[in-house]
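Coordinate inspection notes
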Amino acid sequence: MSYPSRVKLVEVGPRDGLQNEKQPVPAAVKIELIHRLQAAGSKEIEVTSFVSPKWVPQMADNAEVMAGIERRADVRYSVLTPNMKGYEAAVLTQPDEIVVFGAASEAFSQKNINCSIAESIERFAPVVEAARAAGIYVRGAMSCTVGCPYEGDVAPSQVGYLAKLMKDIGVQHIGVADTIGVGTPIKVRKALEATLQHFDINDVSGHFHDTYGQAVANTLAALAMGVWQFDTSVAGLGGCPYAKGATGNVATEDVVYMLHGMGIETGLDLDKLVDAGAFISQALGRPTQSRVAKALLAKRDSAGVCEAV
Ligand SMILES: CC(C)(COP(=O)([O-])OP(=O)([O-])OC[C@H]1O[C@@H](n2cnc3c(N)ncnc32)[C@H](O)[C@@H]1OP(=O)([O-])[O-])[C@@H](O)C(=O)NCCC(=O)NCCSC(=O)C[C@@](C)(O)CC(=O)[O-]
């Protein structure tokens, strides 16, 4: 089995990771997290979303966060834009990339963005057109490609249907999301295969939540297919507001540990990532969800104890 020699990780902690946080997280903390992620080598960061503050209050500081980042020329910053209102606000903050997000299940589409799949595509089309005319890269995200919290199993044909609609309106890259983390490797492979009917392998990424502890296995299954781009979230932050019980994305630290252990480059510094994860976990007042970070932090502690003895 051959795997890609290099993998690109899109850090979604600041957006997907924090959007569901009930306690207020100050913009300054979000900005500091992004700076620490940059210092750890993140080159792709999903910063925030331009959605209704009534629906997702935690992202109401979107423009403030975008304005507060000390941008690096070699880092790309993306934001979510569900409609023209979101796009018009987002474009003022000069994102490198925007994300339109739909769902492979009708029920989730209604709960998440208050419209059917077909209506969502009608909303996305002018966003995609405007972004591409402005030279902004357009990513699409497909939620519930394996299972839906309202409909249960989602057939690969539904994933293929949505992928085609996204492709037809000019979306350049597509993310295949297991929103509630119910996927297992073969189910995830089928969702990816359905997507690959419409998008080139170089334009497809995996976005796996870790609710059932399957996300690293699912990442490996996708890697084995040649997929080399993944969304991950530092400290395993996250959960979707419209997917009750779903936990965060696969932790960036856990994926980096696996990839480096396989000799696959990511450009990320695992120790600095652990520091970034420890920073945000402390700010939120709870332990990291990353198994790797927990192990490395315990090792650091015991090294400190050994030195002190
Ligand atoms: C999509 C909408 C806005 C439609 O919401 P709507 O109510 O259908 O929109 P509307 O056009 O009827 O407008 C209603 C009100 O919302 C306002 N509005 C309308 N649009 C915007 C906007 N862009 N920004 C700010 N305000 C907006 C608009 O101005 C109006 O304000 P009012 O007149 O009542 O004061 C709403 O349903 C919404 O914000 N949903 C939140 C969706 C969300 O952020 N979900 C989480 C992100 S997706 C995700 O996490 C999944 C992913 C990507 O990670 C992959 C995975 O794991 O599955």
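Residues numbered from 1 in each chain as written. Predicted model: local features only at pLDDT ≥ 70, side-chain atom pairs only at ≥ 80, totals over all residues. Heavy atoms only, no water.

- Under the annotation held in an unreviewed UniProt entry, the protein chain carries the name hydroxymethylglutaryl-CoA lyase and is attributed to Comamonas jiangduensis.
- In its Sequence similarities (unreviewed entry) section, the UniProt entry covering the protein chain states "Belongs to the HMG-CoA lyase family."
- We quote the UniProt Catalytic activity (unreviewed entry) comment for the protein chain here in full: "(3S)-3-hydroxy-3-methylglutaryl-CoA = acetoacetate + acetyl-CoA". (UniProt positions renumbered as here; feature names shortened; annotations may be inferred.)

**Structural notes on the overall build of the protein chain**
- Looking only at helices and strands, the protein chain features 12 helices and 10 strands.
- Whereas a compact globule of 309 residues would reach a radius of gyration of roughly 19 Å, the protein chain reaches 18 Å, a difference of no more than 12%.
- If one aligns the C-alpha atoms of the protein chain with their principal axes, the spans along those axes are about 65 × 45 × 35 Å.
- Taking all 309 residues of the protein chain together, the buried fraction comes to 54%.
- Taking the intrachain contacts of the protein chain between residues at least 6 apart in sequence as the baseline, contacts between residues at least 24 apart amount to 75%.
- Summing over all exposed atoms, the protein chain offers an accessible surface of approximately 12900 Å²; the carbon and sulfur share of this is 53%.
- Here the protein chain holds 28 positive side-chain charges and 34 negative ones, and the gap between their average locations is 2 Å. (Helix = DSSP H or I, 4+ residues; strand = E, 2+ residues; numbered from the N terminus. Rg over C-alpha atoms; globule rule 2.2 N^0.38 Å. Buried < 20%, exposed > 50% of the residue type's maximum accessible area, 1.4 Å probe, protein only. Contact = heavy atoms within 4.5 Å. Areas by Shrake-Rupley, 256 points an atom, 1.4 Å probe, with all protein chains shown as cover. Lys, Arg positive; Asp, Glu negative; His and termini not counted. Charge placed at Lys NZ, Arg CZ, Asp CG, Glu CD.)

**Quick look at helix H7 (residues 156–168)**
- End to end, H7 covers 18 Å across 13 residues, agreeing with the expected 18 Å (1.5 Å per residue, within 8%).
- Along H7, the residues that are buried comprise Val159, Gly160, Leu162, Ala163 and Met166. Projected down its long axis, H7 carries its buried residues within an arc of 165 degrees, all on one side. Set apart from the buried face of H7 by more than 90 degrees, the exposed residues are Ser157 and Asp168. (Expected span 1.5 Å × (residues − 1). Arc of directions from axis to C-beta.)

**As for the side chain of Asp231**
- Among the structural elements, Asp231 can be located in strand E10 (residues 229–232).
- Note on Asp231: relative accessible area 5%, which makes it buried.
- For Asp231, the side chain forms a polar contact with the side chain of His207, separated by 2.7 Å.
- Ignoring sequence-local partners within four residues, the contact set of Asp231 consists of Val10, Val12, Arg139, Ser205, Gly206, His207 and Val250. (Polar contact = N/O pair within 3.5 Å; in protein donor to acceptor, adjacent residues only side chain to side chain.)

**So, the site of the ligand**
- Among the 26 residues in the neighbourhood of the ligand, the closest are listed as Arg15, Gln19, Asn112, Ser143 and Thr179.
- A distance of 2.8 Å separates an oxygen atom of the ligand from a polar side-chain atom of Gln19.
- At 2.8 Å, a side-chain N or O of Asn112 approaches a nitrogen atom of the ligand.
- Here the ligand has 1100 Å² of accessible area as a free molecule, and 75% of this is covered by the chains.
- According to the grid-proximity analysis, the pocket containing the ligand is the largest pocket.
- Here the residues of the shell around the ligand are counted per class, giving 11 nonpolar, 10 polar and 5 charged. (Near = heavy atom within 4 Å. 1 Å grid on protein atoms, 1.4 Å probe; cavity = no way out; pocket = protein on both sides within 12 Å on 5 of 7 lines; lining within 4 Å. Sits in = over half its atoms within 2 Å of the grid points. Nonpolar A, V, L, I, M, F, W, Y, C, P; charged D, E, K, R; others polar.)

**Let's talk about the pairing of strand E5 (residues 137–143)**
- The element E5 is largely enclosed, with a buried count of 5 among its 7 residues.
- As judged from the 7 bridges shared by strand E4 (residues 97–103) and E5, these two strands associate in the parallel manner. Residue pairing across strands places Ala103 opposite Ser143, the latter belonging to E5. (Pairing = 2+ DSSP bridges.)

**Considerations on the pairing of strand E3 (residues 76–80)**
- For E3, a buried count of 4 out of 5 residues is recorded, marking the element as mostly surrounded by other parts of the structure.
- Strand direction decides the pairing type here: strand E2 (residues 44–49) and E3, joined by 5 bridges, are parallel. Within E3, the residue paired with Ser49 across the bridge is Leu80.
- Handedness of the crossover joining E2 and E3 through helix H3 (residues 62–68): right-handed. (Right-handed = clockwise from strand over helix to strand, strands pointing away.)

**Structural notes on the packing of helix H10 (residues 252–261) against helix H11 (residues 270–284)**
- The N-to-C vectors of H10 and H11 enclose an angle of 170 degrees; their axes lie 10 Å apart at closest approach. Between H10 and H11, the crossing angle belongs to the class labelled roughly antiparallel. Every pair of crossing elements has a handedness; the one defined by H10 and H11 is left-handed. Of H11, the residues touching H10 (which contributes Thr252, Glu253, Val256 and Tyr257) are Leu270, Leu273, Val274 and Gly277.
- For the contact of H10 with H11, a count of residues per class yields 5 nonpolar, 2 polar and 1 charged. (Axes fitted to C-alpha atoms, helices over the stretch in contact; angles between N-to-C directions. Parallel < 35°, antiparallel > 145°, perpendicular 65-115°, else oblique. Left-handed = near helix turned anticlockwise from the far one by under 90°.)

**Some remarks on the pattern of salt bridges**
- Evaluation of the coordinates by the stated rule reveals 17 salt bridges.
- Measuring nitrogen to oxygen at the nearest pair gives 3.0 Å for the salt bridge that ties Glu265 to Arg6. Remark: Arg6 occurs in the segment before strand E1 (8–11) and Glu265 occurs in the loop between H10 and H11; sequence separation between them is 259 residues.
- Note on Glu265: relative accessible area 48%, which makes it partly exposed.
- Taken together, the shared-partner salt bridges in this structure form one network comprising Lys8, Arg15, Asp16, Glu44, Glu46, Arg76, Glu97, Arg139 and Asp231. (Salt bridge = Lys/Arg side-chain N within 4 Å of Asp/Glu carboxyl O.)

**What about a negative patch on the surface?**
- Among the surface-exposed residues, Glu106, Glu119, Glu122 and Glu151 lie close enough to one another that they form a single negatively charged patch.
- With respect to the element layout, Glu151 can be found in the loop between strand E6 (147–148) and strand E7 (152–153). (Patch = residues over 30% accessible without salt bridge, like charges linked within 9 Å, V, L, I, M, F, W, Y side chains within 5 Å.)

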